Amino acid sequence: MSHQTELPNARRSPRFAGLVTFGRYPRLQDVTHADRPVDWAIYGAPFDAGVTYRPGARFGPRSIREESQYLKRYSMAHDVDVCGVLSLADAGDAPVAPYSCKDSADLICAFATDLPDPGTTKPLALGGDHSIAYANIKAAWKRAGGPAGGLALMHFDSHLDTVDEVWGERWGHASPFIRCIEEGLVDPKRMLSIGIKGPLNTPGDLDFARKHGVRIVTPDDLAAGGDMLLRNFVRELADAAAYLTFDIDCVDPAFAPGTGTPSVGGLSSAQALGLVRACAGLNLIGADVVEVLPDRDHAGITALLAAHIAFEILSIDAVRRAGAKP
Ligand code: MN
Ligand code: MN
């Protein structure tokens with residue numbers, strides 16, 4: 001059963017005051033009761049030792065929370081009161097082992113798996129580099145009862161992240177989806193990767209995805225009406241348990257410069273918001289927003305966009321629940 005998110009009264013406690021939680025949502029430990037579990041637990045995964053280029057995304061959760069203070073509750077695009085339909089809470093940060101990708105994945109996965117009320121409360125992770133997606137997907141899959149055949153995956157990124165290993169590391173940010181597919185957590189035939197672009201290291205970089213039936217939508221496809229591929233995918237999935245992963249580097253560096261592996265020719269902020277909104281109807285059981293690197297950010301614009309993307313992801317679920325009312 002859904003219920004309201006307890007937000008501070010902005011007239012008495014202005015948005016520039018108080019402890020910083022995501023969206024000014026309450027701390028999970030303050031609202032968890034057996035009779036009223038929250039719908040989404042938002043938590044930080046401050047880990048960035050899985051990067052192949054510029055580090056610094058370990059500070060992403062803090063910067064996203066900071067820029068989320070001016071988020072408001074009502075989605076004009078969907079005409080739904082997101083914080084009225086959903087109970088949302090900030091679960092703090094997962095523990096990490098800063099020198100080890102695998103140990104961090106295990107720690108983050110255990111943290112998210114053990115959050116209260118697994119049948120109801122869904123995990124939304126704020127990265128951190130993209131390696132943390134493997135951990136949160138595994139936790140979300142477990143919390144959803146381990147659906148056979150794996151989850152459907154809506155993947156926003158410039159990169160496929162299906163490289164087997166880099167420098168001998170199999171748990172880094174280039175590999176989360178090959179690991180998820182190997183373990184049966186994600187069904188590659190129900191995986192859509194949107195925003196993918198080159199240059200690549202070799203033409204073989206696409207082989208794994210093509211061989212396993214991952215659908216790829218490039219910025220050129222989008223310019224030619226490829227958003228219909230996304231809309232059709234959402235319709236095709238119907239009620240299937242789905243996960244949304246959003247790597248901020250799918251957005252052009254002109255809009256989102258604060259990221260570790262920037263790639264030009266990407267989405268605009270408005271395009272990205274529109275594409276996430278087009279996912280309304282998905283049966284999301286977990287999500288993440290990753291790869292925000294505040295040291296390369298200007299005026300917090302990348303973290304601000306990430307905060308709004310997270311809100312749009314929550315809105316997807318709010319639309320579904322509001323629509324399910326009699
Ligand atoms: Mn990625
Ligand atoms: Mn990427």
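Rules used in this analysis
- Residues numbered from 1 in each chain as written.
- Chains lettered and ligands numbered in written order.
- Predicted model: local features only at pLDDT ≥ 70, side-chain atom pairs only at ≥ 80, totals over all residues.
- Heavy atoms only, no water.
- Phe/Tyr/Trp six-rings, centres within 6.5 Å; stacked < 30°, edge-to-face > 60°.
- Lys NZ or Arg CZ within 6 Å of the ring centre and 35° of its normal.
- Donors = N, O, S within 2.8 Å, 3.2 Å for Na, K, Ca; no water.
- Helix = DSSP H or I, 4+ residues; strand = E, 2+ residues; numbered from the N terminus.
- Buried < 20%, exposed > 50% of the residue type's maximum accessible area, 1.4 Å probe, protein only.
- Pairing = 2+ DSSP bridges.
- Axes fitted to C-alpha atoms, helices over the stretch in contact; angles between N-to-C directions.
- Contact = heavy atoms within 4.5 Å.
- Polar contact = N/O pair within 3.5 Å; in protein donor to acceptor, adjacent residues only side chain to side chain.
- 1 Å grid on protein atoms, 1.4 Å probe; cavity = no way out; pocket = protein on both sides within 12 Å on 5 of 7 lines; lining within 4 Å.
- Points joined across faces, edges and corners; volume = space filled by probe spheres on them.
- Nonpolar A, V, L, I, M, F, W, Y, C, P; charged D, E, K, R; others polar.
- Core = buried A, V, L, I, M, F, W, Y, C linked by side-chain atoms within 4.5 Å.

**Quick notes on the packing of aromatic side chains**
Thinking step 1. Enumeration according to the criterion identifies four aromatic pairs in this entry.
Thinking step 2. When the ring centre of W171 is taken as reference, the NZ or CZ atom of K102 above it lies at 5.0 Å.
Thinking step 3. The aromatic ring of W171 is capped on one face by R179, whose charged end is 5.8 Å from the ring centroid.

**Some thoughts on the coordination of the manganese ion (ligand 1)**
Reference geometry at the metal: tetrahedral coordination by four donors gives ideal angles of 109.5 degrees; octahedral coordination by six donors gives 90 or 180 degrees.
Thinking step 1. Here the manganese ion (ligand 1) is held by H130 (ND1), D157 (OD), D161 (OD) and D247 (OD), and the distances to it run 2.1 to 2.2 Å.
Thinking step 2. Here the manganese ion (ligand 1) and the manganese ion (ligand 2) are spaced 3.2 Å apart, linked through D157, which binds each one. You can see H130 sitting in the loop between β5 (122-127) and α5 (132-143) and its partner D161 sitting in the loop between β6 (151-156) and α6 (176-182), a full 31 residues away along the chain.
Thinking step 3. In this structure D161 comes out as buried when scored by relative accessible area, which is 7%.

**Focus: the sheet that holds strand β7 (residues 186-194)**
Thinking step 1. The parallel open sheet is built from eight strands, whose spatial order is β4-β1-β5-β10-β9-β6-β7-β8. Every interior strand has two partners, whereas the edge strands, β4 (88-93) and β8 (215-217), have only one. Direction aside, the axes of adjacent strands within the sheet are offset by 15 degrees on average.
Thinking step 2. Examined bridge by bridge, β6 and strand β9 (residues 241-247) share five bridges and lie parallel to one another. What sits directly across from M154, in β9, is L244.
Thinking step 3. The strands that helix α2 (residues 60-67) touches are β1 (40-45), β4 and β5; relative to β5, the one it contacts most, it runs at about 105 degrees.

**Some details on the coordination of the manganese ion (ligand 2)**
Thinking step 1. Those donors, D157 (OD), H159 (ND1), D247 (OD), D249 (OD) and D249 (OD), are the protein atoms that reach the manganese ion (ligand 2), and they lie 2.1 to 2.5 Å from it.
Thinking step 2. Counting residues between consecutive donors of the manganese ion (ligand 2) along the chain gives the motif D-x1-H-x87-D-x1-D.
Thinking step 3. For D249, a relative accessible area of 1% translates into the label buried.

**Considerations on the side chain of T302**
Thinking step 1. Secondary-structure assignment places T302 in helix α11 (residues 301-323).
Thinking step 2. A distance of 2.8 Å separates a polar side-chain atom of T302 from the backbone nitrogen of G258.
Thinking step 3. Those residues in contact with T302 that sit more than four places away from it in its chain are I248, A256, P257, G258, V292 and D297.

**Notes on empty space enclosed by the protein**
Thinking step 1. If you walk through the whole model with that rule in mind, you get one cavity of 30 Å³ or more.
Thinking step 2. As for the largest cavity, its lining consists of H3, Q4, T5, E6, P26, V31, R36, V38, S87 and L88.
Thinking step 3. A breakdown of the residues in the lining of the largest cavity according to their chemical character gives four nonpolar, four polar and two charged.

**Quick word on the nonpolar core**
Thinking step 1. Of all hydrophobic cores here, the largest spans 56 residues; its most connected members are M154, F156, L230, L244 and F246.
Thinking step 2. Residue contributions to this core peak at 11 residues, all from α11.
Thinking step 3. Filtering out sequence-adjacent residues up to four positions away, F246 remains in contact with F156, V251, A272, V276, D288, V289, V290 and I309.
Thinking step 4. Among the nonpolar cores identified, the runner-up in size contains 43 residues, and L28, I181, M191 and Y243 belong to it.

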